Amino acid sequence: MLALAMGNGCGKPPPEPLQLATNVWPGYEPLYLARHLGALDPRSFRLVEMASSSDCMRALKAGRVAAAALTLDEVFTLLQEGVDLQIVLIMDVSNGADALLGRPDMKTLAALKGHRVGVEQTAVGAYLLSRALDQAGLRPEDIVVVPMTEGAHEARFLDGSVDAVVTFEPSRTRLMNSGAKVLFDSSRIPNEIVDVLVFRGEVARARPEAMAMVRNGWFKAQAHLHQRPQEACRQMALREGLDSEAFRKALEGLSFPDEDADRRMRAGELLPPARRLADLMHRQRLLAHPVDPARLLSRHVNP
């Protein structure tokens with residue numbers, strides 16, 4: 001009996017659960033909804049919430065996690081640093097959820113000149129700010145950049161440490177409720193701020209079944225959100241520190257590609273805007289040298 005048990009149960013051990021890193025952002029909540037619904041097997045995946053996207057980038061680069069939810073510009077930053085990555089899922093497209101907010105008396109982007117602007121330098125904030133300044137005809141030296149962490153956005157804006165801040169949901173909604181004005185947001189740069197789930201290349205090649213599993217869980221959560229929006233928003237709002245109605249409004253600034261749209265984008269539709277983004281980041285010196293987005297999109301189109 002022991003030999004039979006060993007033969008049946010003591011072969012190759014099951015692989016360790018893959019760790020997927022995220023920070024707090026409404027567009028990542030369907031992952032946690034999938035876990036809540038039982039659509040992400042905890043024996044295969046472990047969701048790891050980190051304080052910031054910068055923490056997710058560092059963990060992914062160091063190999064402490066197998067995958068991370070990141071913005072496309074953050075993926076480019078890792079790519080130029082030599083990290084082998086593959087895009088497995090287009091999670092969301094920001095359509096207003098990322099924003100540059102100013103004091104209530106600020107009416108236009110031009111009002112930023114000479115003022116203090118808070119931004120997290122190593123994340124999507126630096127890119128959004130550069131695009132806002134570009135559209136306003138301002139140069140970086142026309143403002144006073146105040147580096148800050150994601151967790152400090154609200155406090156430092158509300159206590160007057162900065163006159164404007166680059167932020168995102170759920171902080172965007174809370175600050176607007178406190179009187180902050182939108183000076184610029186991602187709706188003015190369509191398809192340039194995209195959130196993706198990336199796997200380390202060696203994991204993507206070794207565990208293709210895991211990519212299929214996480215995609216299936218994601219789209220099951222999407223279906224639940226469409227079919228039972230109130231219930232889904234109530235569940236997802238808990239981690240974001242918002243009530244369900246505020247969370248629902250936050251989602252209005254995002255679009256979630258369905259399964260077909262996700263495949264089309266990864267098969268090539270994302271490539272032109274991704275190249276524009278990479279080129280602009282290089283011109284703005286947010287990238288030290290050019291990167292080729294095709295390296296991220298050319299394989300594993302249909303896991």
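Before any of the text, the structure's been laid out above.
Keep in mind that what you see is a predicted model, and the values were worked out from it rather than measured.

**Topic: the overall build of the protein**
Piece 1. Regarding its fold elements, the protein presents 14 helices and eleven strands.
Piece 2. By the compact-globule yardstick of 19 Å for 303 residues, the protein fits well, its C-alpha radius of gyration being 20 Å.
Piece 3. Across its three principal axes, the protein shows a C-alpha extent of roughly 80 × 45 × 30 Å.
Piece 4. Looking at the protein residue by residue over its 303 residues, the buried ones come to 55%.
Piece 5. Nonlocal contacts in the protein, meaning residues at least 24 apart in sequence, comprise 79% of its contacts between residues at least 6 apart.
Piece 6. Of the roughly 13,600 Å² of accessible surface on the protein, a fraction of 51% belongs to carbon and sulfur atoms.
Piece 7. Taken as two groups, the 37 positive and 38 negative side-chain charges of the protein have centres that lie 2 Å from each other.

**Topic: the pairing of strand β10 (residues 194-200)**
Looking along a regular strand, one sees the side chains alternate between the two faces of the sheet.
Piece 1. Burial runs high along β10: seven of the seven residues are buried.
Piece 2. Burial along β10 is two-sided: Val-194, Val-196, Val-198 and Arg-200 and Asp-195, Leu-197 and Phe-199, pointing in opposite directions, are all buried.
Piece 3. Bridging between strand β4 (residues 85-94) and β10 involves seven bridges; their strand directions are antiparallel. What sits directly across from Ile-90, in β10, is Val-196.

**So, the sheet that holds strand β11 (residues 254-255)**
What holds strands together in a sheet is hydrogen bonding between their backbones, with the strands either parallel or antiparallel.
Piece 1. Spatially, the six strands line up as an open sheet ordered β2-β1-β3-β10-β4-β11, and their pairing is mixed. Every other strand in the sheet has two partners, leaving β2 (45-49) and β11 as the edge strands with one partner each.
Piece 2. When β4 meets β11, the two strands line up antiparallel, connected through two bridges. Bridging across to β11, Val-93 finds its partner in Ser-255.

**Points about the packing of helix α9 (residues 208-227) against helix α10 (residues 229-240)**
Piece 1. Viewed as axis vectors pointing N to C, α9 and α10 meet at an angle of 120 degrees, and their least axial separation amounts to 5 Å. By the angle between their directions, the pair α9 and α10 is classed as oblique. From α9, His-224, Leu-225, His-226 and Gln-227 reach across to α10, where they touch Pro-229, Glu-231, Ala-232, Cys-233 and Met-236.
Piece 2. Residue composition of the contact of α9 with α10, grouped by class: five nonpolar, three polar and one charged.

Basis of the calculations
Residues numbered from 1 in each chain as written. Predicted model: local features only at pLDDT ≥ 70, side-chain atom pairs only at ≥ 80, totals over all residues. Heavy atoms only, no water. Helix = DSSP H or I, 4+ residues; strand = E, 2+ residues; numbered from the N terminus. Rg over C-alpha atoms; globule rule 2.2 N^0.38 Å. Buried < 20%, exposed > 50% of the residue type's maximum accessible area, 1.4 Å probe, protein only. Contact = heavy atoms within 4.5 Å. Areas by Shrake-Rupley, 256 points an atom, 1.4 Å probe, with all protein chains shown as cover. Lys, Arg positive; Asp, Glu negative; His and termini not counted. Charge placed at Lys NZ, Arg CZ, Asp CG, Glu CD. Pairing = 2+ DSSP bridges. Axes fitted to C-alpha atoms, helices over the stretch in contact; angles between N-to-C directions. Parallel < 35°, antiparallel > 145°, perpendicular 65-115°, else oblique. Nonpolar A, V, L, I, M, F, W, Y, C, P; charged D, E, K, R; others polar.

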